[in-house]
Structures are given as structure tokens and as C-alpha cells.
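Letter by letter, the chains look like this.
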Amino acid sequence: WYKRFPPPVGLREEGGRDETDLRLGPHVQADAEQWSAPPFLTWLEPLYEPLEIVSSHSQEGARMNPEIVHVGIDVSKSKLDARIGTRVRTFENTISGVSKLRSAIDGHHGHCHLVFESTGGYERLAAWTLMEQGYTVSIVNAGRVRSFAASMGQLAKTDPIDAEVITRFAEAIKPKPSVLPEPCVRELAARLKRRRELDDQRCQELNRLETVVDKAM
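Quantities reported herein were computed from a predicted structural model and do not represent experimental measurements. (Residues numbered from 1 in each chain as written. Predicted model: local features only at pLDDT ≥ 70, side-chain atom pairs only at ≥ 80, totals over all residues. Heavy atoms only, no water.)

Brief notes about the layout of surface pockets
Thinking step 1. In this structure, the second largest pocket spans a volume of roughly 230 Å³.
Thinking step 2. Lining the second largest pocket, in full, are Lys77, Asn93, Gly121, Tyr122, Arg124, Leu125, Trp128, Thr129, Glu132, Arg186, Lys193 and Glu197.
Thinking step 3. For the lining of the second largest pocket, the secondary-structure elements that each account for two or more residues are helix H4 (124-132) and helix H7 (183-210).
Thinking step 4. At 5 residues, the largest contribution of residues to the lining of the second largest pocket is made by H4. (1 Å grid on protein atoms, 1.4 Å probe; cavity = no way out; pocket = protein on both sides within 12 Å on 5 of 7 lines; lining within 4 Å. Points joined across faces, edges and corners; volume = space filled by probe spheres on them. Helix = DSSP H or I, 4+ residues; strand = E, 2+ residues; numbered from the N terminus.)

In C-alpha cells, the structure reads:
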């Protein structure tokens, strides 16, 4: 920097540069050309060389496909509504339905990041199955998605609209991928879920018996 910008000559008393002084005679120019930096400043020169800063994420993005497509999936007990591309498609919330969802995703251009809204465990079949097969999956809190929708003024709530909102939420927030639980944890979750279902059925039967006139029924 000190070679490209020699010390100023002909400064005004108040600190400003006088343009007329810059056009002085040859003796002033010769003094400027002969000026050299003090030795203790020479080590600073490499610090002022132009640097090209490339983050590790940019280097990784150059090696991988930079296009990430977020797929918002609204989950209910019987079906999955997934926004793939510009349209919302519906699949059954079963093993065969998840297989069809996977085929639709594989036929889409770009790396897909699948985002499920947590729905009381109904999302586990599809999300865990796709995680096992190597897909990038995130399970997000339903309350956060609804707050995001309210912030956009989106108060209507249907399955296709929810899939659209989840997609826009994922594009804005970019949630971290969820971690697939260990097999023992998944088995325990399934057993606990089944136990809650049996407890609910038992409670329903006890309530029904309290109102039955004929005890044989």
C-alpha cells in the first residue's frame, strides 16, 4: 500500500490536500519517487494483498449440487400431502404410499429436503422410512409452522395450503435435518403408542358399560 500511495506532498495546514501542490515542479516528484517505507513496515505488505475469501460451505457447494428443493409434507392419519415442485400431490400414509412418494421425489430435479410437520406420531412411518433410505428429512414443530403462517396472514387451513406453508417455512428457516432414532428407541415408541391406544379403548368400554341397562351387553 505504501508503494502505491506515496506520502502526501504539499498538505494544507488544516490537514486537507492542496491539488495545486500536487502539480508542483519536477523536484517534488523526484522526492516522492525516492521515498521508501521504513524497514519496520515491510512486513505489513503481505497483509494488504487482495484476498479471495471462500467459505467451507461455498467449497462444499461447488463440489455438490447447489440446488436444494424443500418439499413440505402435511401429514394426517390416512394421507400425505406433499408439495413437489409447483403442485401438491396426495399419497396414502402407508408403506406403498411412501414408496410412491419416494418415486415422485426421485423424479424431481435437485436435491430434495423433506420437511414434515409433527402430527402426533402419524409422521413417523413416512419420515423414518425415508431417513432409513438416506433422504434428508426434518420434523418440525407444528406450532412454529402455524405461527409462521399467521405472520404471513395465511389463516386458511386446508391440507394443500398446509403443505404450501410448510414448504415456505422450510425455505425461510432452513431447519436442520432430524436424526433417525436407534431401532430400540423406535420399538419402544411403537410399544408405548400401542399401550396408549389399548388404554383409550379400555376407558371407552368402561364408560359404555356404565350406561348399559342390560349388564349382559
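Moving on from the model shown.
Focus on the pairing of strand S3 (residues 87-92)
Thinking step 1. Strand direction decides the pairing type here: strand S2 (residues 79-84) and S3, joined by 6 bridges, are antiparallel. Considered in S3, the bridge of Lys79 is made with Glu92.
Thinking step 2. Counting the residues in the hairpin turn of S2 and S3 gives 2 residues, including Gly85, whose phi is positive at 75 degrees. (Pairing = 2+ DSSP bridges.)

Things to note about the confidence of the model for the protein
Thinking step 1. Mean pLDDT for the protein: 76, with 68% of residues reaching 70 or above.
Thinking step 2. By mean pLDDT, the top-scoring element of the protein is strand S5 (residues 136-140) (94), and the lowest-scoring one is helix H2 (residues 56-63) (42).
Thinking step 3. Note that residues 10-24 has pLDDT below 50 and, in this model, 13 contacts with residues that lie over four places away or in other chains.
Thinking step 4. Scored below 50 in pLDDT, residues 44-65 makes 9 contacts in the model with residues more than four places away or belonging to other chains. (pLDDT = per-residue confidence, 0-100. Contact = heavy atoms within 4.5 Å.)

Topic: helix H6 (residues 159-173)
Thinking step 1. Over its 15 residues, H6 extends 21 Å from the first C-alpha to the last, a length consistent with the 21 Å expected when each residue adds 1.5 Å.
Thinking step 2. For H6, the full list of buried residues reads Asp162, Ala163, Val165, Ile166, Thr167, Phe169 and Ala170.
Thinking step 3. Positive phi shows up at Lys174, right after H6, with a value of about 55 degrees. (Expected span 1.5 Å × (residues − 1). Buried < 20%, exposed > 50% of the residue type's maximum accessible area, 1.4 Å probe, protein only.)

Quick notes on the sheet that holds strand S1 (residues 68-75)
Thinking step 1. The strand order across the open sheet built from 5 strands is S3-S2-S1-S4-S5, with neighbouring strands paired in mixed fashion. The open sheet has two free edges, formed respectively by S3 and S5, since each of these has just one partner strand. The average undirected angle you get between the axes of adjacent strands in this sheet is 25 degrees. (Axes fitted to C-alpha atoms, helices over the stretch in contact; angles between N-to-C directions.)

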